[in-house]
Amino acid sequence: MGKRMKEAIKRYYQIQEKNRLGGGIKHIERQHSRGKLTARERIEILVDPGSFNELGSFVGTTSIRIDGRIPDAPCDGAIIGTARVNGRLIMVHASDFTVLGGSTGAQHLVKFARPLEMAAQWGIPMVNLLDSSGGRLGYQDVALAGVDWHFRLESLYSGVIPQITVLMGPCIAGGAYLPTLCDFLLMSRVSANMWLGGPRQTQAATSEIIDRNIGGADYHMQFSGSCDAVGEDDEKTIIKCRELLGYLPQNYREKPPKWEITDAANREVENLMDIVPDAFDRTYDMHDVIEQLVDDGEYFEIKDEYARNLITCFARFNGEVVGLVANNPEYPGSILEINSCDKYYRFLQILDAYNIPLVNLVDTPPVVPGETEEAKGLIRHVGKIVDVYATTTVPKISIVLREAYADAGSLIMGGLKSMGADLTYAWPIARFAVEASQLDYRKIYGKGIEQDAYEAYLNRSREKVDVYDAALSWTAQIIDEIILPKDTRIKIIEALNITRNKKERIPARSKIHGSSPV
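All figures in this text were calculated on a predicted structure; none of them were measured in a lab.

Thresholds applied
Residues numbered from 1 in each chain as written. Predicted model: local features only at pLDDT ≥ 70, side-chain atom pairs only at ≥ 80, totals over all residues. Heavy atoms only, no water. Axes fitted to C-alpha atoms, helices over the stretch in contact; angles between N-to-C directions. Helix = DSSP H or I, 4+ residues; strand = E, 2+ residues; numbered from the N terminus. Parallel < 35°, antiparallel > 145°, perpendicular 65-115°, else oblique. Left-handed = near helix turned anticlockwise from the far one by under 90°. Contact = heavy atoms within 4.5 Å. Nonpolar A, V, L, I, M, F, W, Y, C, P; charged D, E, K, R; others polar. Salt bridge = Lys/Arg side-chain N within 4 Å of Asp/Glu carboxyl O. Buried < 20%, exposed > 50% of the residue type's maximum accessible area, 1.4 Å probe, protein only. Arc of directions from axis to C-beta. Patch = residues over 30% accessible without salt bridge, like charges linked within 9 Å, V, L, I, M, F, W, Y side chains within 5 Å. Areas by Shrake-Rupley, 256 points an atom, 1.4 Å probe, with all protein chains shown as cover. Lys, Arg positive; Asp, Glu negative; His and termini not counted. Polar contact = N/O pair within 3.5 Å; in protein donor to acceptor, adjacent residues only side chain to side chain. Core = buried A, V, L, I, M, F, W, Y, C linked by side-chain atoms within 4.5 Å. Pairing = 2+ DSSP bridges. pLDDT = per-residue confidence, 0-100. Phe/Tyr/Trp six-rings, centres within 6.5 Å; stacked < 30°, edge-to-face > 60°.

Section: the packing of helix α4 (residues 106-122) against helix α5 (residues 147-156)
In the contact formed by α4 and α5, the axes pass within 9 Å of each other and the chain directions differ by 20°. Regarding the angle of α4 to α5, the classification is roughly parallel. Two packed elements cross with a definite hand, and for α4 against α5 that hand is left-handed. Judged by residue contacts, Leu109, Val110, Phe112, Ala113, Arg114, Leu116 and Glu117 of α4 engage Val147, Trp149, His150, Leu153 and Glu154 from α5. Within the contact of α4 with α5, the residues separate by chemical class into eight nonpolar, one polar and three charged.

Quick look at the structure:
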């Protein structure tokens, strides 16, 4: 080995050793004191041991301070590379808060955006481990450091490869669009905050003083609905990300991975009749039903504390991944409203983009009436689901447990075959109707109401159609078959096998999307 090669290799190890420490021991200790992990520690938890293949590890910074000084910024505060999770390839980006607060300069942004392009070209998921103070202010970088480029790339590759952000630090102003443009946002309860305008910005602009908890993980889970899953700390949130990846395909051309079968396909579920009351005015928790039906009782719930009257989750039946959407009579009475409509709409888009079959468990009265919901645009929000359900081309399987009423149960939960459900089954106690009310409209409207109107519409709309009456007329296309509750799991697995090779194209549509209600 010649002298030049020895010196080059020595320099290689020196730079590598320095860059592995990021901003240095002092900043690492400060990171730990805040209950946060470093970027490299986070990557180690996310990926299979020894599988991380770093790219751009010798990148420095081109940021120059306004006063002309060049800061020391190993990797420019961004660690990127390919890795494997459960043996499957991903691309990972981790912002390093120990280096200039994880701020985004020109080189950092290239290391943020270019991997997304590469991941899309290679057909592998993109995972962002985000902990950044935002744009690198006070430096001579371009005004937005190219973050607008990243916005466009996220939108272009939406539905092409899974994009997941795990937020474990601040995310402020324009940077807050980055995680919300992804398919999934996971937030650490200890360290994550996301605002369009943080407490100081808001006070400076409007004089309003807001609490720091506004923008935390629980806030965005329970109120804004921007968060898909919350972990207690950095480690637990990253582990949730590993679990979520197991339910997703590598890209839009593939189907989700089929896992080892550990639960019998012909397993009967006798105790469902003990969980679901046959009295329609009694509630129950649909989670208990899901736990009995899916493989090994395991599922990954999305937005579990947002719009709790509707459950959206990933699960497996006989090793095959499905997206499961279910009404939950426990919160409150499973009535759908604006928030649950948005939750459902978003989930359906994900399923259709990544070839994941839809299974509906239906037990709901109509959408909630009232001035408050109407003023917020209830009709538009229900219309969005009608649009996306009708145009979703993945297998769609529905089980009506008890009630399927009007727009909520019959239309947007797959209780009517004509909306595009492939197979619709119903329990023997199921019933269908236009509405759930038992009120006498003559008492509400007064004596001035015309008797023929009462008989022809107001009274008829409240009539409940028994499932056996519905089954008498095949042309009504309400259900395909009445099934016993204990056979529900068996029938779902049969339906998935039947529809596995389903091919459907939206007619008369040359572009990739229509124009749904906003």
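Let's talk about the packing of helix α12 (residues 338-353) against helix α14 (residues 378-391)
Contact geometry for α12 and α14: axes closest at 9 Å, N-to-C directions at 20°. One finds that α12 runs roughly parallel with respect to α14. For the crossing formed where α12 meets α14, the hand is left-handed. Only Leu378, His381, Val382, Lys384, Ile385, Val388, Tyr389 and Thr391 of α14 make contact with α12, whose side of the interface consists of Ile338, Cys341, Asp342, Tyr344, Tyr345, Leu348, Gln349 and Asp352. For the contact of α12 with α14, the residue count by class is ten nonpolar, three polar and three charged.

Side note on the pattern of salt bridges
Should the charged atoms of two oppositely charged side chains come close, the side chains can pair. Tallied over the full model, the rule gives 22 salt bridges. Measuring nitrogen to oxygen at the nearest pair gives 3.0 Å for the salt bridge that ties lysine 303 to aspartate 228. Taken together, the residues lysine 303 in the loop between β10 (299-302) and β11 (310-317) and aspartate 228 in the loop between α8 (217-224) and β9 (229-231) connect sequence positions 75 residues apart.

Remarks on helix α3 (residues 39-46)
Here α3 has its buried residues at Ala39, Arg40, Arg42, Ile43 and Leu46. Across the axial projection of α3, the buried residues extend over an arc of 155°, all falling on one side.

A closer look at a nonpolar patch on the surface
The grouping of Met1, Met5, Ile9, Tyr12, Tyr13 and Phe58 at the surface amounts to a nonpolar patch, some 670 Å² of accessible area in total. With respect to the element layout, phenylalanine 58 can be found in the loop between β1 (53-55) and β2 (78-85).

Thoughts on the side chain of arginine 88
Note on placement: arginine 88 falls in strand β3 (residues 88-95). Comment: no salt bridge for buried arginine 88; closest opposite-charge side chain is glutamate 254, at 5.6 Å. Among the polar contacts made by the side chain of arginine 88, one reaches the main-chain carbonyl oxygen of leucine 248 at a distance of 2.7 Å. Setting aside residues up to four positions removed in sequence, arginine 88 forms contacts with Ala83, Leu245, Gly246, Leu248, Pro249, Gln250 and Pro257.

Describing the nonpolar core
Core analysis: the biggest nonpolar cluster contains 62 residues, and Leu46, Leu129, Ile164, Phe184, Leu244, Phe314 and Tyr344 have the highest contact counts within it. With eight residues, α12 is the largest single contributor of residues to this core.

A short note on the environment of proline 257
Mapped onto the fold, proline 257 is located in the loop between α9 (234-245) and α10 (272-275). In the structure, proline 257 is positioned eleven residues away from glycine 246 in sequence and 7.2 Å away in space, judged by C-alpha atoms.

Description of the sheet that holds β2
Hydrogen bonds between backbone groups are what pair the strands of a sheet, and the pairing can be parallel or antiparallel. Strand order in this open sheet of seven strands is β1-β2-β3-β4-β5-β7-β9, and the pairing throughout is mixed. What marks the edges here is a single partner per strand, and that holds for β1 and β9. Averaged over all pairs of adjacent strands, the angle between their axes in this sheet comes to 20°, without regard to strand direction. Examined bridge by bridge, strand β7 (residues 184-188) and β9 share three bridges and lie parallel to one another. In the sheet register, methionine 187 faces β9, and the bridge partner there is valine 230. Where α4 meets the sheet, it contacts β1, β2, β3, β4 (126-130) and β5 (163-167), and its direction lies at approximately 170° from that of β3. The sheet strands contacting α9 are β2, β3, β4, β5, β7 and β9, and the helix crosses β7 at an angle near 155°.

Examining the confidence of the model for the protein
Averaged over every residue, the pLDDT of the protein is 85; residues scoring 70 or more account for 83%. In this model residues 439-449 is a low-confidence stretch, pLDDT under 50, and it forms 16 contacts with partners more than four residues away in sequence or in other chains. Note on residues 456-461: pLDDT under 50 across the span, and ten contacts to partners over four residues away in sequence or across chains.

Section: the packing of aromatic side chains
Within this structure, the stated rule accounts for eight aromatic pairs. Where phenylalanine 184 meets phenylalanine 314, the ring centres are 6.0 Å apart and the plane angle is 65°; that geometry is what we call edge-to-face. In this pair, phenylalanine 184 sits in strand β7 while phenylalanine 314 sits in strand β11, placing the two residues 130 residues apart along the sequence. The exposure classification of phenylalanine 184 matches that of phenylalanine 314, with both residues buried. Ring centres 5.5 Å apart and planes at 45° place the aromatic pair tyrosine 219 and phenylalanine 223 in the tilted group.

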